[in-house]
Amino acid sequence: MAGTSLGIAAWGLVTGVAMVKSGMSVSLALFMSLVVYAGSAQLAVIPLLTVGAPLWVIWLTASCVNLRFVIFSSMWRSYFAHRPLRERLAIGYFSGDVIYVAFMKRFPEPRPQPEQMPYFWGAAATNWVAWQVPSIAGILLANAVPLSWGLGFAGVLALLGVLLSLLFDRATWLATGVAATAAVAAFALPLKLNILVAIAAAVAVGLMIEAVDRRRKNRHPEMLLVPANSVMPPEERQHMKDGDVVPLREERHP
């Protein structure tokens, strides 16, 4: 998390300053930073709050921006479904994009392991501190920070740094390109609705790519040679049920 924490810190500082500069009180900005704890959603709704957009547009925008956490939670279900409800709620609050990517790279097999919880909480604590401390500093020092410092551009650079760390396969690159194109094409829409258009386009492309990949796997399953007296592991049995693997059990003859 050390490499991405610098970008997250810059992002948090910009968001803290932006909340106060938009007219939000210091106490409400502190409440939003600590309770909402979702930088992309906060940055998305701040311009809508400034122009007096309808409440349903603000809620819909925040919900669409955070739809990715539904995907994260469905993937984390295989790791944390057995944990108590209170602990799962805490995991939901502290989860984040960079944490998800780092966790999945460290534990690619979807099964619980003892070291997963310490790993998650270490990453979550680092991410929370890297966000909240600069965000609160930006809120408290917003009136002392002049706009000539170009913090908006610094925030864009921070977001790009975090974004590039999340692009690790063809699907994410393609979805990002489609989202950027859709956002520019729909820029003339009022109330920043081009953000919703970009999110919808990216989600549609991501689901389409996932469906195509799943169909391709089912058409060309992997061949697995199983020794005669061996027991197939649970994860391989699941792959067999999903149609990803065709087991070939060798036979022994006298």
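Every chain begins its residue count from 1, and numbering advances along the sequence as written. With pLDDT at 70 or above as the cut-off, local features in this predicted model cover only qualifying residues; side-chain atom pairs require 80 or more to be listed or tallied, and sums for whole chains, interfaces and linings still use all residues. Heavy atoms throughout the structure, all of them, feed into the side-chain values; hydrogens and water do not.

1. So, the overall build of the chain
Quick note on the threshold: Numbered from the N terminus, helices here are DSSP runs of H or I no shorter than four residues, and strands are runs of E no shorter than two. Here the term buried applies to any residue with accessible area under 20% of the maximum for its type, exposed to any over 50%, and partly exposed to those in between, with areas from a 1.4 Å probe on protein chains only. Whether two residues are in contact is decided by their heavy atoms: any pair within 4.5 Å suffices. For the accessible areas, the method is Shrake-Rupley and the probe is 1.4 Å, while residue cover comes only from the protein chains on display.
A tally of regular secondary structure across the chain gives 12 helices and two strands. Reading the helices (α) and strands (β) of the chain from amino to carboxyl end gives α-α-α-α-α-α-α-α-α-α-α-β-α-β. Counting every position in the chain, which comprises 254 residues, the buried fraction comes to 33%. Long-range pairs, those at least 24 residues apart, make up 69% of the contacts in the chain with a sequence separation of at least 6. In the form shown here, the chain has an accessible surface area of approximately 15200 Å², with 69% of it arising from carbon and sulfur atoms.

2. Considering a nonpolar patch on the surface
For the record, the criterion: Put simply, a patch holds well-exposed residues, over 30% relative accessible area, that have no salt bridge, with like charges counted together within 9 Å and Val, Leu, Ile, Met, Phe, Trp or Tyr side chains within 5 Å. Here, a salt bridge means any side-chain nitrogen of Lys or Arg that lies within 4 Å of a carboxyl oxygen of Asp or Glu.
A grouping of L28, F31, L34, V35 and V36 is seen on the molecular surface, where their side chains present a nonpolar patch of about 430 Å² in accessible area. You can see L34 is positioned in helix 2 (residues 26-35). A relative accessible area of 35% places L34 in the partly exposed class.

3. Side note on the nonpolar core
Let me state the cut-off plainly: For this analysis, a nonpolar core means a set of buried residues of the types Ala, Val, Leu, Ile, Met, Phe, Trp, Tyr and Cys, connected via side-chain atoms within 4.5 Å.
In this structure, M19 and A29 are the most contacted members of the largest nonpolar core, which totals 22 residues. Secondary structure elements with two or more residues in this core: helix 1 (2-21), helix 2, helix 3 (39-50), helix 4 (55-65) and helix 11 (194-219). Apart from residues lying up to four places away in sequence, M19 is in contact with M24, A29, M32, S33, Q42, I46, S135 and I139. Within the second largest apolar cluster, 16 residues are counted, among which are W76, I91, M104 and L166.

4. Some points on helix 1
Stated formally: Given the number of residues in a helix, its expected span is that number minus one, multiplied by 1.5 Å.
Between its first and last C-alpha atoms helix 1 spans 29 Å; for 20 residues at 1.5 Å apiece the expected length is 28 Å, and the two agree. Regarding helix 1, the residues found buried are T4, S5, G7, I8, W11, G12, V14, T15, G16, V17, M19 and V20. In the segment just after helix 1, G23 is the residue with positive phi, at about 110 degrees.

5. Some remarks on the side chain of S95
Mapped onto the secondary structure, S95 falls in the loop between helix 6 (85-94) and helix 7 (97-106). Owing to a relative accessible area of 11%, S95 belongs among the buried residues under this scheme. Dropping the residues within four chain positions of it, S95 is found in contact with F69, W76 and F120.

6. So, the packing of aromatic side chains
Put simply, the rule reads: Any Phe, Tyr or Trp ring, taking Trp's six-membered ring, that has another such ring centre within 6.5 Å forms a pair; planes under 30 degrees apart are called stacked, those over 60 apart edge-to-face, and the others tilted.
Following the criterion strictly, the structure yields 18 aromatic pairs and no others. Between Y37 and Y93, the aromatic rings sit 5.3 Å apart at their centres with planes inclined by 40 degrees, giving tilted as the arrangement. On the criterion of sequence distance, the pair formed by Y37 in the loop between helix 2 and helix 3 and Y93 in helix 6 is long-range, its members being 56 residues apart. The class of Y37 is buried, set by a relative accessible area of 9%.

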